Amino acid sequence: MILYITVAAVTALLAGLVDNHPTRQPHRLTRQQLCNRVCLPAIFMILFLLSACRLNVGNDYAKYVEFMHLVNCNAYVPTEIGFNLLVKLIYGLSGYENFLLVFAVYAFVTVFVFLLAMYEQSDEFPLTFFLFMTLGYYFQTFSTVRYYLALAVALYSMKFVLRRQWGRFLVLILLGAAFHKSLLVVIPLYFLASLPWKKWQLAIAALFCTTFLFMQDFYLKVVVFLYPTYEDTEYLEGGTSYINILRCAAVLVFAGIVWWMQKRDEGVTQISEDKRFWFYLYLNLGALVLYVFCSFLPIISRIGYYLTVSQILFLPMLLQKVEDKRWRRLFRAGILCAALLYFAMYLKKASGDGVLILPYRTFFFNDMVEILSDVN
């Protein structure tokens, strides 16, 4: 736990030195640009090495090693073609079942894409990165590595949605879906969130949401049709997270407060003219609807995360829209305290089932446990 707290603190301090909107001067490298070039690679190396050097850390690490072994034996595995081809390529080049290198490649790409997305899209990189660490997104990459690669791609793809560059968006999503097909859900969800909804349309959407209350069997059949491997498994048990519901509700309330403050002080709401505001707002509203009405659906949190990951971009944007410096400092303090509390709660259960990122082990000092194929 001390290691994770230290890594989070050190990288957050380095991120505090980064300005992702530096003043540029022609034919001259400014001090801030030089600082960015030092701090960002340092952050990347710390996060990458911590992830790449781990051994049997993460709730499904051993399961992934088993999957890789089966892929190498040309047996059936419920993983996507991108994952399977990557394993075959690395195992073929290595000459043995080098699962450590597979995890290292995933760590490299996932951390890189997350950092690139945050640097390019955030209004305030230090705060976005702080939320990325304290809300557990980085440490969760130790588990379900395919999914968190897809989540990084989803975050990066948001800029193409906002720019209406649908071709690039689709290509990127289809590429990411080759590693986790759940990423395909963002195609309709992000498109819907990008639309300029009117009040009557929102009313119809709210009415449609009520169908989730009395047509659960139908929607479960649709899920089984799309994911046949879920049939008669624990994945169909569903469930929701009250913490995620609270997070979505708090973000929506904060967005409403910022909107109201602008209208009160200026008579107009400039924030309403920012298409990012509505896009992130509808993403979080959609996530709240999913968590409340669709808790019966399998692994609803994974779908919700594709929407709530926008919070690390949305909250810094909202803070920048608060003109009163005293209120901005107060809101910032509230966000930081809430994030630290969430981080403390996350670390408290870090050694429990479903997380298992504690204790941290590295291949330098530990050996891999036997997988199912070894036992049989």
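In this report, we go over the structure that sits alongside the text. (Residues numbered from 1 in each chain as written. Predicted model: local features only at pLDDT ≥ 70, side-chain atom pairs only at ≥ 80, totals over all residues. Heavy atoms only, no water.)

1. A few points about the overall build of the chain
Right, so step 1: Helices and strands together make up the secondary structure of the chain, namely 19 helices and zero strands.
Right, so step 2: Along the first, second and third principal axes, the C-alpha atoms of the chain reach 70 × 60 × 40 Å.
Right, so step 3: A buried classification covers 49% of the 376 residues belonging to the chain.
Right, so step 4: Put simply, of all contacts in the chain between residues at least 6 apart along the chain, 75% involve residues at least 24 apart.
Right, so step 5: When the 31 positive and 23 negative side-chain charges of the chain are each reduced to one mean point, those points stand 12 Å apart. (Helix = DSSP H or I, 4+ residues; strand = E, 2+ residues; numbered from the N terminus. Buried < 20%, exposed > 50% of the residue type's maximum accessible area, 1.4 Å probe, protein only. Contact = heavy atoms within 4.5 Å. Lys, Arg positive; Asp, Glu negative; His and termini not counted. Charge placed at Lys NZ, Arg CZ, Asp CG, Glu CD.)

2. Examining empty space enclosed by the protein
Where empty space is left becomes clear once a probe the size of a water molecule has been rolled over the atoms.
Right, so step 1: All chains considered together, the criterion is met by two cavities of 30 Å³ or more.
Right, so step 2: Considered as a void within the structure, the largest cavity measures approximately 80 Å³ in volume.
Right, so step 3: For the largest cavity, the full set of lining residues is Ser51, Arg54, Phe103, Tyr106, Ala107, Thr110, Val111, Thr141, Val145, Tyr148 and Leu149.
Right, so step 4: Secondary-structure elements contributing two or more residues to the lining of the largest cavity are helix H5 (99-121) and helix H8 (145-162).
Right, so step 5: Across the lining of the largest cavity, the residue classes tally to seven nonpolar, three polar and one charged. (1 Å grid on protein atoms, 1.4 Å probe; cavity = no way out; pocket = protein on both sides within 12 Å on 5 of 7 lines; lining within 4 Å. Points joined across faces, edges and corners; volume = space filled by probe spheres on them. Nonpolar A, V, L, I, M, F, W, Y, C, P; charged D, E, K, R; others polar.)

3. Comments concerning the pattern of salt bridges
Right, so step 1: Enumeration according to the criterion identifies seven salt bridges in this entry.
Right, so step 2: Put simply, Arg276 and Asp274 hold a salt bridge, and the shortest N to O gap is 3.0 Å.
Right, so step 3: A salt bridge links Lys321 to Asp274; its shortest N-O distance comes to 3.6 Å. Taken together, the residues span a long stretch of sequence, with Lys321 in the loop between helix H17 (311-320) and helix H18 (325-348) and Asp274 in the loop between helix H14 (242-266) and helix H15 (275-293) at a distance of 47 residues.
Right, so step 4: On the basis of relative accessibility, which here comes to 14%, the residue Asp274 falls in the buried class.
Right, so step 5: Here the salt bridges share partners, and the residues they tie into one network are Asp123, Asp274, Arg276 and Lys321. (Salt bridge = Lys/Arg side-chain N within 4 Å of Asp/Glu carboxyl O.)

4. Some points on the packing of helix H6 (residues 125-134) against H17
Relative orientation and spacing of two packed helices are given, respectively, by the angle between their axes and the distance between those axes.
Right, so step 1: Two elements in contact, H6 and H17, have axes separated by 9 Å at closest approach and are oriented at 145°. Viewed along their axes, H6 and H17 form a crossing whose handedness is right-handed. For the pair H6 and H17, contact is made by Leu127, Thr128, Leu131 and Phe132 and by Gln311, Ile312, Leu313, Leu315, Pro316 and Leu319, respectively. (Axes fitted to C-alpha atoms, helices over the stretch in contact; angles between N-to-C directions. Left-handed = near helix turned anticlockwise from the far one by under 90°.)

5. Examining the side chain of Asn84
Right, so step 1: Position of Asn84 among the secondary structure elements: in helix H4 (residues 81-94).
Right, so step 2: Separated by 2.6 Å, the side chains of Asn84 and Thr79 make a polar contact.
Right, so step 3: Residue contacts for Asn84: discarding those within four places in its chain leaves Val71, Val77 and Thr79. (Polar contact = N/O pair within 3.5 Å; in protein donor to acceptor, adjacent residues only side chain to side chain.)

6. Digging into unusual backbone geometry
Right, so step 1: For the bond running from Leu358 to Pro359, omega is 0°, close enough to zero to count as cis.
Right, so step 2: By secondary structure assignment, the location of Pro359 is in the loop between H18 and helix H19 (372-375).
Right, so step 3: At Asn74, a position not held by glycine, the phi torsion is positive, near 60°.
Right, so step 4: Even without being glycine, Leu356 reaches a positive phi, approximately 55°.
Right, so step 5: With respect to the element layout, Leu356 can be found in the loop between H18 and H19.
Right, so step 6: Judged by relative accessible area, Leu356 falls into the partly exposed class, the value being 30%.

7. Quick look at the side chain of Thr141
Right, so step 1: Mapped onto the elements of the fold, Thr141 is located in the loop between helix H7 (137-140) and H8.
Right, so step 2: Excluding residues within four positions of it along the chain, Thr141 makes contact with Arg54, Thr110, Phe114 and Tyr148.

8. What to know about the packing of aromatic side chains
Right, so step 1: Per the stated rule, a full pass over the model turns up 42 aromatic pairs.
Right, so step 2: Judged by centre distance (6.0 Å) and plane angle (25°), the rings of Phe125 and Phe129 are stacked. Of this pair, Phe125 and Phe129 both sit in helix H6, four residues apart, which is roughly one turn of the helix. The two residues Phe125 and Phe129 agree in class, both being buried.
Right, so step 3: Ring pairing ties together the aromatic residues Tyr4, Phe114, Tyr119, Phe125, Phe129, Phe132, Tyr138, Phe139, Phe142, Phe343 and Tyr360, which thus form one cluster. (Phe/Tyr/Trp six-rings, centres within 6.5 Å; stacked < 30°, edge-to-face > 60°.)

9. With respect to the packing of H6 against H18
Right, so step 1: At a closest axis distance of 9 Å, the pairing of H6 and H18 adopts a crossing angle of 25°. Considering the angle they form, H6 stands roughly parallel to H18. Considering only the axes of H6 and H18, their crossing is left-handed. Between H6 and H18, the residues in contact are Leu127, Phe130, Leu131, Met133 and Thr134 and Arg332, Ile335, Leu336, Ala339, Leu340, Tyr342 and Phe343, respectively.
Right, so step 2: For the contact of H6 with H18, a count of residues per class yields ten nonpolar, one polar and one charged. (Parallel < 35°, antiparallel > 145°, perpendicular 65-115°, else oblique.)

10. Let's talk about the nonpolar core
One recurring pattern in soluble globular proteins is that nonpolar side chains are buried together.
Right, so step 1: The biggest cluster of nonpolar side chains holds 105 residues, and the ones touching the most others in it are Phe129, Phe132, Phe139 and Tyr190.
Right, so step 2: With near-sequence residues (within four places) excluded, Phe139 lies in contact with Tyr4, Leu50, Met133, Phe343, Tyr346 and Ile357.
Right, so step 3: Grouped together as the second largest cluster of nonpolar side chains are 21 residues, Phe67, Met68, Val77 and Val102 included. (Core = buried A, V, L, I, M, F, W, Y, C linked by side-chain atoms within 4.5 Å.)

11. Quick word on the environment of Leu13
Right, so step 1: Structurally, the position occupied by Leu13 is in helix H1 (residues 2-15).
Right, so step 2: Residue Leu13 is classed as exposed on the basis of its relative accessible area of 64%.

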